[in-house]
Amino acid sequence: MPILPAVVGSLFPEVASLPIAALLDASLTLWRGKDVLQFIDGLSTNKVTELKSGQLIRTIFTDSNAKIIDCVTLFHMGEFVVTAGHLPFLEKLLKHTSRRILGQDVSITDITQLNELFIEFDCTNDSADIGSFSSEGEITRGNISGNMSLIVSSKGNGPSNLENFEIFNLWRINNKVPWHGYEITNSFHPFACGLEELVHQQKGCYIGQEILARMHSRGKQGKILSQVDTLTCKPSSITTMGETQSLAIIRC
Amino acid sequence: MDCGTCDSADPVQMVKPEVIDVNLTISEMAKNMLADAFGDDRSHALLVGVLSGGCSGYMYDLQIVESTDQDCQELSVDGFRVLVPKASSHLLDGIEIDYVEKLMGGGFKINNPNADSSCGCGESFS
């Protein structure tokens with residue numbers, strides 16, 4: 001594993017030396033209304049109805065073929081919910097969701113332009129802190145996994161001394177971490193890109209659930225996310241290219 | 001995080017489907033079951049709505065209610081008060097409310113000409 005350069009912005013004292021990369025193609029939307037969690041729960045893979053203020057959860061909106069529409073992180077802000085997703089998928093996500101609101105109390109505001117998103121990686125988040133976030137002034141830092149945190153700041157108030165996104169990709173390859181626009185795309189279902197932990201097996205129905213439940217119960221999912229040798233792997237299977245090692249979604 | 005709570009960000013324009021004058025029918029079997037459920041008190045109404053969710057994206061919502069805060073069309077069908085939320089009228093025009101007697105999966109069923117597909121249990125459609 002390559003040694004990552006020491007760097008970066010200091011949002012909070014304990015993360016001062018951790019690498020952070022800007023997410024230039026992230027989206028941020030604000031969802032308001034008493035039916036928001038129930039609504040998102042009915043259309044996505046993870047169980048989100050029990051989310052409380054100060055907590056975050058990741059979930060995936062899927063289509064009827066169980067292909068990913070977008071993978072989002074929900075921040076429960078008390079009065080409302082903020083979702084961080086992938087900007088190129090936002091239009092499709094809004095089209096998918098807005099026509100299903102019907103008479104439910106849900107309204108959505110696009111606040112992408114007011115904010116900047118960053119990913120802090122190679123960190124060691126305590127397991128008890130995963131799924132929580134904290135805010136200091138204009139900056140919110142949420143622990144989305146054991147080794148990644150999502151940082152949202154108001155425009156112009158984000159961390160400085162950022163890593164090149166390629167360093168993040170290199171780290172992802174070494175740690176087999178799927179990412180938006182690379183592995184997490186409309187071409188794959190959640191299992192294929194290594195997002196099994198975001199598919200709740202006991203929750204109720206949602207679009208794509210029958211297909212995912214069948215794959216899970218039969219233990220067959222077709223393709224899986226793998227770390228491959230760049231030179232020997234079929235180029236069309238590679239999703240994140242590295243010099244010697246790459247990530248690929250290949251048949252198992 | 002700047003949440004734009006001072007209205008500095010515009011709300012996303014929602015798709016608002018056209019409100020349609022709903023026609024619906026109730027099968028003989030369903031009428032009998034509804035008559036049993038309502039008894040002599042016809043002050044209550046049958047609310048026929050649609051929620052998001054389910055395997056196919058939309059789920060039927062059937063309730064007996066005194067009133068609702070949803071903006072509804074009120075119909076009189078075979079002596080029953082039926083409320084249909086205007087927001088889901090485009091999905092419910094032409095439906096038949098049926099009742100199926102089966103040990104498993106029985107109960108009220110909606111036959112919906114607007115549905116392209118529905119899930120096996122019949123509770124959701126797209």
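Residues numbered from 1 in each chain as written. Chains lettered and ligands numbered in written order. Predicted model: local features only at pLDDT ≥ 70, side-chain atom pairs only at ≥ 80, totals over all residues.

Let us look at the overall build of chain B. The secondary structure content of chain B amounts to 2 helices and 8 strands. Helices and strands appear in chain B in the N-to-C order β-α-β-β-β-β-α-β-β-β. Projected onto its principal axes, the C-alpha coordinates of chain B cover approximately 55 × 35 × 25 Å. Here chain B, with 126 residues, has 33% of them falling under the buried criterion. (Helix = DSSP H or I, 4+ residues; strand = E, 2+ residues; numbered from the N terminus. Buried ≥ 20, exposed ≤ 12 C-beta atoms within 10 Å, placed from the backbone.)

A separate point is the sheet that holds strand E11 (residues 223-229) of chain A. Residue and element names in this part refer to chain A. Strands sit in the order E11-E13-E12 across an open sheet of 3 strands; the sheet is antiparallel. Both edges of this open sheet fall to E11 and strand E12 (238-240), since each of them pairs with a single strand only. Looking at each pair of strands side by side, their axes are set apart by 40° on average, direction ignored. Note that E11 and strand E13 (residues 245-251) share 7 bridges and pair antiparallel. Note that in E13 the partner of Ser226 across the bridge is Ala248. Against the sheet, helix H3 (residues 165-175) touches E11, E12 and E13, its axis set at about 55° to E13. (Pairing = 2+ DSSP bridges. Axes fitted to C-alpha atoms, helices over the stretch in contact; angles between N-to-C directions. Contact = placed C-beta atoms within 7 Å.)

All names here are of chain A. As far as domains go, chain A holds domain 1 (20-163) and domain 2 (166-251). On a C-alpha basis, the centroid separation for the pair domain 1 and domain 2 is 20 Å. Domain 1 puts 27 residues into the contact, and the matching count from domain 2 is 23 residues. Among the secondary structure elements, those contributing two or more residues to the side of domain 1 that touches domain 2 are strand E3 (56-62), strand E4 (68-76) and strand E7 (115-121). Looking at the side of domain 1 that touches domain 2, the element that brings in the most residues is E3, giving 4 residues. Across the side of domain 1 that touches domain 2, the residue classes tally to 10 nonpolar, 10 polar and 7 charged. (Domains from an automatic or database assignment. Nonpolar A, V, L, I, M, F, W, Y, C, P; charged D, E, K, R; others polar.)

Right, let's get into the interface of chain B and chain A. Counting from both sides, the interface comprises 26 residues of chain B and, opposite them, 34 residues of chain A. The residue inventory of the side of chain B that touches chain A, partitioned by class, reads 14 nonpolar, 11 polar and 1 charged.

Both trends apply: most residues other than glycine have a negative phi, and most peptide bonds are in trans. All names here are of chain A. Residue Ala66 is not a glycine yet carries a positive backbone phi of 70°. By the C-beta count within 10 Å, which is 24 here, Ala66 ends up buried. In the Ramachandran plot, Leu102 falls in the positive-phi region, its phi being about 50° despite a non-glycine side chain. Tracing the backbone through its elements, the reader meets Leu102 in the loop between helix H2 (87-98) and strand E6 (107-110). For Leu102, a count of 24 C-beta atoms within 10 Å translates into the label buried.

A separate point is the sheet that holds E3(A). By way of backbone hydrogen bonds, the strands of a sheet pair with one another, either parallel or antiparallel. Residue and element names in this part refer to chain A. Ordered in space as E3-E4-E5-E2-E6, the 5 strands form an open sheet in which the pairing is antiparallel. Only two strands of the sheet have a single neighbouring strand rather than two, namely E3 and E6. Strand-to-strand twist in this sheet, taken as the mean axis angle between neighbours without regard to direction, amounts to 30°. In terms of strand pairing, strand E2 (residues 26-32) meets strand E5 (residues 81-86) through 6 bridges, oriented antiparallel. Within the sheet, the bridge partner assigned to Trp31 lies in E5 and is Val81.

So, about the nonpolar core. Grouped burial of nonpolar side chains is what soluble globular proteins tend to show. Residues and elements named next belong to chain A. Ranked by size, the top nonpolar core spans 93 residues in total, and within it Leu74, Val81, Val82, Leu117 and Ile119 carry the most contacts. Both of domain 1 (20-163) and domain 2 (166-251) provide at least three residues apiece to this core. Once residues within four sequence positions are removed from consideration, Leu117 is found in contact with Leu23, Ala26, Leu28, Ala84, Leu150, Ile151 and Val152. (Core = buried A, V, L, I, M, F, W, Y, C linked by C-beta atoms within 7 Å.)

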